[in-house]
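Here's the letter readout for the chains.
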Amino acid sequence: MLQFSLFGFPVRIHWLFWLNSALLGGAFTARTPTEMQGVVVWMAMVFVSILIHELGHALVMRRFGERHAEIVLYAFGGLAIGSGWRSRWEQILISAAGPALQIGVGLLLWLVTRSLHLESALLRYAIGSFLFISIFWGALNLLPIIPLDGGRISEAALGPARERTALGLSLVCAVSLALYMGLLNGQLFAAVFFGMLAYNNWQRLNRAEQLPWMNVR
């Protein structure tokens, strides 16, 4: 893993993060030098945007007393990992901080660059990619699908006694998105991703059904 420190937070990057970023950026179909450059630029924008997202989580963790938070970028995104206990409101704020910072930086860049005339096609592509990743992916992350940030917010807001409700909502959203992406948009990667999340939620929901204390309302 590539490792470094940012604002006092250890950061580790798994090689699968780069691989998946490259595949999403069109590495399979890139043939010309210009297309290869586009893949590299896309990977760089994914890295910067996801790092900003996880930094948002880590900074709020630190605000709530977490001393050992670290950031890991892996196959399908990233994690801000801490070791301390958190209240429900702290968890909600921590979960919301990542997409909030990511979307906020994206909107700020849009405001700064929207009136600029950029002659470089590569720079325009870089900015467009960053805006898409930061704003669209950030908003998508707020959907109530576990383990996305919106799902974590839903879990924390409903509380342990209503875990089945959070899982059921997550399952419906994940299945709906998997079908939409696969059948209507033809986006196989996204359909598989949300299908995997739906399957994981279905497994968790089945386990929750077997625990009597989960029936408490």
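Predicted model, so just to flag it, every value in this text is computed and none were measured. (Residues numbered from 1 in each chain as written. Predicted model: local features only at pLDDT ≥ 70, side-chain atom pairs only at ≥ 80, totals over all residues. Heavy atoms only, no water.)

Q: Give me the lowdown on the pattern of salt bridges, citing residues and values where you can.
A: In this structure the tally under the stated criterion is 4 salt bridges. In this structure, the salt-bridge partner of Glu155 is Arg204, at a minimum N-O distance of 3.0 Å. Taken together, the residues span a long stretch of sequence, with Glu155 in helix α5 (residues 149-158) and Arg204 in helix α7 (residues 188-209) at a distance of 49 residues. A relative accessible area of 23% places Arg204 in the partly exposed class. Residues Glu163 and Arg204 are paired through a salt bridge, measuring 2.4 Å at the closest nitrogen-oxygen approach. Of the two residues, Glu163 is situated in helix α6 (residues 163-184) and Arg204 in helix α7; the sequence distance between them amounts to 41 residues. Note on Glu163: relative accessible area 17%, which makes it buried. A single salt-bridge network, built from bridges that share partners, covers Arg152, Glu155, Glu163 and Arg204. (Salt bridge = Lys/Arg side-chain N within 4 Å of Asp/Glu carboxyl O. Helix = DSSP H or I, 4+ residues; strand = E, 2+ residues; numbered from the N terminus. Buried < 20%, exposed > 50% of the residue type's maximum accessible area, 1.4 Å probe, protein only.)

Q: Describe in detail the nonpolar core, supporting the description with residues and values.
A: Phe17, Ile71 and Leu73 are the most contacted members of the largest nonpolar core, which has 25 residues in total. With 12 residues, helix α2 (residues 33-63) is the single largest residue contributor to this core. Setting aside residues no more than four positions away along its own chain, Phe17 makes contact with Val46, Phe47, Ile50, Leu73, Tyr74, Ala75 and Gly77. Counting residues in each nonpolar core, the second largest holds 18 residues, with Ile145, Ile146, Ala178 and Leu205 among its members. (Core = buried A, V, L, I, M, F, W, Y, C linked by side-chain atoms within 4.5 Å. Contact = heavy atoms within 4.5 Å.)

Q: Residue-level account of the confidence of the model for the protein, with values.
A: Averaged over the protein, the pLDDT score is 90; the fraction of residues at 70 or greater is 96%. A low-confidence stretch, residues 213-217 stays under pLDDT 50, and its non-local contacts, those more than four residues away or across chains, total 11 contacts. (pLDDT = per-residue confidence, 0-100.)

Q: Can you lay out a nonpolar patch on the surface for me, pointing to particular residues and giving the numbers?
A: On the surface, a cluster of nonpolar side chains totalling about 800 Å² of accessible area is made up of Leu24, Tyr74, Phe76, Leu79, Ile81, Leu188, Phe189, Val192 and Met196. Mapped onto the nonpolar patch, the elements with two or more residues apiece are β4 (77-81) and α7. Broken down by element, the residue count for the nonpolar patch peaks at 4 residues, all from α7. Residue placement: Tyr74 occurs in strand β3 (residues 70-74). (Patch = residues over 30% accessible without salt bridge, like charges linked within 9 Å, V, L, I, M, F, W, Y side chains within 5 Å. Areas by Shrake-Rupley, 256 points an atom, 1.4 Å probe, with all protein chains shown as cover.)

Q: Please set out the environment of Leu109 residue by residue, giving values where relevant.
A: By the element assignment, Leu109 lies in helix α3 (residues 88-113). As a C-alpha pair, Leu109 and Glu66 span 43 residues in sequence and 30 Å in three-dimensional space.

Q: Tell me what's going on with the packing of helix α1 (residues 15-24) against α2, and back it up with residues and numbers.
A: Two elements in contact, α1 and α2, have axes separated by 9 Å at closest approach and are oriented at 125 degrees. The orientation of α1 relative to α2 falls into the category oblique. In this structure, α1 meets α2 at a crossing whose hand is right-handed. On α2, the residues touching Phe17, Trp18, Ser21, Ala22 and Leu24 of α1 are Val39, Trp42, Met43, Val46, Phe47 and Ile50. Grouping the amino acids of the contact of α1 with α2 by side-chain chemistry returns 10 nonpolar, 1 polar and no charged. (Axes fitted to C-alpha atoms, helices over the stretch in contact; angles between N-to-C directions. Parallel < 35°, antiparallel > 145°, perpendicular 65-115°, else oblique. Left-handed = near helix turned anticlockwise from the far one by under 90°. Nonpolar A, V, L, I, M, F, W, Y, C, P; charged D, E, K, R; others polar.)

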